[in-house]
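Notes for the structure review
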Amino acid sequence: MPKNKRQSRQAGRFTPSNFSGQHLIRDKSLVRRMIELARLSPQPLVLDIGAGAGALTIPLAQEGWQVLAIENDPRFAEKLRGKIGEAEGIRLIEADFLEMPLPRKPFGVVANIPFAITTAVLGRLMDHPAVPFRHGVLIVELGAARRFTADPVTQARILVWRMQFDLKLAEPVSPDRFSPPPRVQCAILTIRRKKEPLVRPSDHARFMGLVTHALRVPGAPLHAALGPWFTPAQLKHLVKLLLVDRSVPVGSLNERQWAAVFETMIRYVEPYRWPKAGGLSKR
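Just so you know, these numbers come straight off a predicted model, no measurement behind them.

Re the confidence of the model for the protein chain
Overall, the prediction assigns the protein chain a mean pLDDT of 90, with 90% of residues at 70 or greater. Per-residue pLDDT stays below 50 along residues 1-21; that stretch engages in 52 contacts with residues further than four places along the chain or on separate chains.

Digging into the sheet that holds strand 4 (residues 45-49)
With mixed pairing, seven strands are arranged side by side in an open sheet as 6-5-4-7-8-11-9. Looking along the sheet, the strands with just one partner apiece sit at the ends: strand 6 (90-93) and strand 9 (165-173). Taking the axes of each pair of neighbouring strands and ignoring which way they run, one obtains an average angle of 20 degrees across the sheet. In this structure, strand 7 (residues 107-112) lies alongside strand 8 (residues 133-141), joined through six bridges in parallel fashion. Each residue of the ladder has a partner; that of Asn 112, found in strand 8, is Ile 139. Sheet strands touched by helix 6 (residues 156-164): strand 9 and strand 11 (186-193). Its angle to strand 9, the strand with the most contacts, is close to 105 degrees.

Notes on the nonpolar core
In this structure, Phe 97, Leu 226 and Trp 258 are the most contacted members of the largest nonpolar core, which totals 67 residues. By residue number, the principal contributor to this core is helix 6, which donates six residues. Apart from residues no more than four positions distant in its own chain, Phe 97 is found in contact with Leu 47, Ile 49, Ile 70, Leu 102, Val 121, Arg 124 and Leu 125. Judged by nonpolar contacts, the second largest core, of 28 residues, contains Leu 37, Val 46, Ile 90 and Phe 178.

Parameters at a glance
- Once a new chain begins, its residue numbering starts again from 1 and follows that chain's sequence as written.
- Per-residue local features of the predicted model are confined to residues with pLDDT of at least 70, and side-chain atom pairs are confined, for both listing and counting, to 80 or more; whole-chain, interface and lining totals are unaffected and use all residues.
- Side-chain numbers here rest on the full set of heavy atoms in the structure, without hydrogens or water.
- Each residue carries a pLDDT score, the predictor's own confidence in it, on a scale running from 0 to 100.
- Contacts between residues were defined by any pair of non-hydrogen atoms, one from each residue, lying within 4.5 Å.
- If DSSP finds at least two bridges between two strands, the strands pair.
- Strands are runs of DSSP state E lasting at least 2 residues, helices are runs of H or I lasting at least 4, and numbering of each runs from the N terminus.
- Simply put, an axis is a line fit to the C-alpha atoms, just over the touching stretch for a helix, and the angle between two N-to-C directions goes from 0 to 180 degrees.
- Take the buried Ala, Val, Leu, Ile, Met, Phe, Trp, Tyr and Cys residues and link them wherever side-chain atoms come within 4.5 Å; each set so joined is a nonpolar core.
- Each residue is assigned to one of three classes by its accessible area relative to the maximum for its type, calculated with a 1.4 Å probe on protein chains only: buried under 20%, partly exposed between the two thresholds, exposed over 50%.

Okay, structure coming up:
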């Protein structure tokens, strides 16, 4: 896959610009491990984002999955097209994942995505509950995996993902299992859609509005962060429900506590006081 998500015009034609952070898997045992993890929540359709030379694409198809191999670099796409030939179960899509239409039926993702667009890729998959994404097994930077799975969650966008999905750092991965080896440690990140989301999909935008505003300063006391919407009496009821002190940092709440905050707001706070239902925060 190219090293930058867009192409640039040079000399009157498109030439691929570079994606920083693309490192091809060269260790077959890593491929087997990713497939093993993917079997835990199988979907008939899986996407291999940044398919490269097909290290994951071909084994996934051999295991019986229908694979959409997405590759934006014409050079890799040409090589992969030659490898798969008329093989059943693989469809090669030469496109930018961040711009292409997503499948309308449930799908999973098993991929070694370019590190430079990790958050953007996860956003396309999890920012909107209507996207029929069900599970993922992804190679990402170890630091990113720790940020996505940290407890408590202090970033609104990640918190919203985790109200719908379980994200886990499955295991670290050594750089020497890639070519070229990255300069950072890597990890396998697994994602599973919750059977019962902590916030209803229909309330997604309203919840996003609440946490985007409330987590602007994660270290702020709970009563100060929620004070613009909750009355003192409502806050008193809320802290008893959460079993916390009113001065705890708002960023210390876990996902279930945030679900309780939201449900309390819906039940007791007058709608005209609710924070504006929001678009996505990139915090």
